[in-house]
Structures are given as structure tokens and as C-alpha cells.
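Results of the structural survey
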Amino acid sequence: QPYETILVERTGRTAVLTLNRPKALNALNLQVMNEVVAATAELDRDPDIGCIVITGSPKAFAAGADIKEMRPQSYMDMYLSDWFTAWDRLGDLRTPTVAAVAGHALGGGCELAMLCDILLAADTAVFGQPEIKLGVIPGIGGSQRLTRAVGKAKAMDLCLTGRTMDATEAERAGLVSRIVPAADLLTEARAVAEKVAAMSAPVAMMAKEAVNRAFETTLAEGVRFERRLFHAVFATEDQKEGMAAFVEKRGAEFRHR
Ligand code: HXC
């Protein structure tokens, strides 16, 4: 593999990307960022991949951006290199992504998880935006995505006090879709990914695009956007196949997957 800080494993139509800097609890330095962005872009272009899982270790999904790397940077360093901007590309992937989170998902780690489409948490998961304790604020979208995910009350609480929330609180708040026992996390994440990857790829992309639009626009415009895509799916062979399979009481064999 061409990467040093991540592992990429493909099984059928799914891929699992594992953050692999165990000595630093998967702290997200620029190398990790560049490798994750490059690997996911390559998987996104591959028509044989229908869903991407991003995970860490049992102890840490990621304990944040790399504090030791950031420490000496000046404003000019940060501004001119547009520090962290590459992470935004994860949000532009068309292929659905699943974050499988165990252990610490702090700062940039929480932000990385929130950049994914489906967020599965092990019962050991801990989420937070503790940047304020370091004299900084979230820099990979945390103040925006956390607020949209859990609302102002908890987002302010987490961002201003730096406290963390456990998996139960995160699920109740709407940050994670469900909690699974830590030992089953990867099995469950792969199962979810296989389920998504078995759908029509273009239709899954449209579903993702439609949901994401809700964060960018008004309700009326969002519904109009959905309606356009809804009409468009009737131009796919997969709509014909999906509905034929239902009527014929068999499983659908989508062509575009
Ligand atoms: C660099 C890190 C790191 C990080 C842990 N390590 N987190 N290195 N950046 N974010 C390193 C430690 O220095 C240590 O290496 C090793 O990983 C193990 O960490 P310990 O602290 O010894 O482990 P433990 O006692 O189990 O505590 C785990 C922890 C703690 C609670 C997660 O490591 C921690 O609080 N980490 C920082 C969490 C954080 O503040 N994240 C936000 C980062 S800022 P050595 O070699 O020293 O033993 C961020 C900002 C985004 O994400 C945008 C802002 C600009």
C-alpha cells in the first residue's frame, strides 16, 4: 500500500479505511489528512466501490488534529497553507461513507466522524470538541456540523466547556445513528456498508445528495430539489428493476452497482 498512516482494505463492493497512527491515538496530522483524502477520492472514482467505512482503533477513532504539529504554526502559516481545507473534500464524496467510531472522537476526530454520512458508535465512543482547552476553536467544521446535528444547547455546552459526551448522550442528541457493542462495531459497520453498496449506486448518490441539501437550503427549495431527483430516478434501469423485483416477489438485481 502506498500509505503510511492509514490502511485500506477492499471486500466486494465496500472498502474499510482504518486510521493507523496508534502511538498518537490517530491524531490527524497533515500526512493523515492527505492520505485519507487521496484514498477516499480514489475509492470514490471506482465504480466497483459502493460504500466506504472510515474507522480507527478500539481506543481512539481519532484524538483530534495533531497538537504537536499545530503548536508552532503562525497565522501566516495557517492562512497561506489553508490548513485543514483538504478535509472539506470528504464532504464532497459521492459514494456514501460510514464512520465507525470507538473510543475517543475528539476535536478533528469528532469533525471527521461528522463529515461521514452514517455515524455508528461503539458503546465506548466519546465525542467532544475540546479545542477551547487548548486556546483554539474547531477548525474542520465542528462548530457548524455539531450545531446542525445536536442543536445550539449541546453544541455551545461542548464547544465552550470542552466537556465530552458518551455514546448514549450522543445518540440521544442525534449525533449518531446507533450504538453497537464495541466488539461488534466493525462487523456492524461492514454490514451497513454492504447493505448500502447493494443498492443502485446512482440512486444512493441521489439520496445522499438530497439529504445533504437539507443543510444548505430552505425547506421549499430542498423539496423542489428532491422532486427533481425523484423524477430523474424514473430514467434509471434500476427503478424498473427495483419495482419489477417487488412485484415479482424476488430480490432486486440492480444494474448500476
Ligand atoms: C498529538 C496526541 C493527540 C493529539 C493524543 N496524542 N492526542 N498527539 N495530537 N491530538 C498523543 C499523546 O501526546 C501521547 O503521545 C499519545 O498520543 C497517547 O496519549 P495520552 O494522552 O498519553 O493518552 P491517554 O492518557 O489515554 O489520554 C487520551 C486523551 C488525551 C484523553 C484522548 O490524549 C487527549 O486529551 N488528547 C488531546 C485531545 C484533544 O484536545 N483533541 C483536540 C485537538 S485540537 P506521547 O508521545 O506524548 O506519549 C483539534 C483542533 C481542530 O482537533 C482544529 C483546530 C485548529
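Residues numbered from 1 in each chain as written. Predicted model: local features only at pLDDT ≥ 70, side-chain atom pairs only at ≥ 80, totals over all residues. Heavy atoms only, no water.

As annotated in an unreviewed UniProt entry, the protein carries the name Enoyl-CoA hydratase echA8 and is attributed to Streptomyces rimosus subsp. rimosus. Among the UniProt annotations of the protein, the heading Sequence similarities (unreviewed entry) holds the following wording: "Belongs to the enoyl-CoA hydratase/isomerase family." (UniProt positions renumbered as here; feature names shortened; annotations may be inferred.)

**What about the site of the ligand?**
Inspection of the region around the ligand gives 23 residues, with Lys 59, Ala 65, Ile 67, Lys 68 and Gly 108 positioned closest. Between the ligand and Lys 59, the relevant distance is 2.7 Å, taken from an oxygen atom to a side-chain nitrogen or oxygen of the residue. At 2.8 Å from an oxygen atom of the ligand is found a main-chain nitrogen or oxygen belonging to Gly 108. Out of a free accessible area of 1000 Å², the ligand has 64% covered by protein chains. Broken down by secondary-structure element, the contributors of at least two residues to the shell around the ligand are helix H2 (67–70), strand E6 (104–106) and helix H4 (108–115). A breakdown of the residues in the shell around the ligand according to their chemical character gives twelve nonpolar, five polar and six charged. (Near = heavy atom within 4 Å. Polar contact = N/O pair within 3.5 Å; in protein donor to acceptor, adjacent residues only side chain to side chain. Areas by Shrake-Rupley, 256 points an atom, 1.4 Å probe, with all protein chains shown as cover. Helix = DSSP H or I, 4+ residues; strand = E, 2+ residues; numbered from the N terminus. Nonpolar A, V, L, I, M, F, W, Y, C, P; charged D, E, K, R; others polar.)

**Re the nonpolar core**
Core analysis: the largest hydrophobic core is formed by 50 residues, its most contacted members being Leu 19, Phe 61, Trp 87, Val 101, Phe 127, Leu 146 and Leu 175. Here this core takes six residues from helix H1 (residues 30–45), the largest share from any one element. Once residues within four sequence positions are removed from consideration, Leu 19 is found in contact with Thr 5, Ile 6, Asn 26, Leu 28, Val 32, Val 36, Thr 55, Gly 56, Phe 61, Ala 62 and Leu 112. Membership of the second largest hydrophobic core comes to 15 residues, among which are Val 98, Ala 100, Leu 120 and Val 192. (Core = buried A, V, L, I, M, F, W, Y, C linked by side-chain atoms within 4.5 Å. Buried < 20%, exposed > 50% of the residue type's maximum accessible area, 1.4 Å probe, protein only. Contact = heavy atoms within 4.5 Å.)

**Details of the pattern of salt bridges**
In the structure shown here, the tally under the stated rule is 13 salt bridges. For Asp 46, the salt bridge identified is with Arg 10, shortest N-O distance 2.8 Å. With Asp 46 in the loop between H1 and strand E3 (51–55) and Arg 10 in strand E1 (residues 6–11), this pair connects stretches of sequence that are 36 residues apart. Given the relative accessible area of 43%, Arg 10 is considered partly exposed. Residues joined by salt bridges that share partners form a network here, namely Lys 154, Asp 157, Arg 163 and Glu 169. (Salt bridge = Lys/Arg side-chain N within 4 Å of Asp/Glu carboxyl O.)

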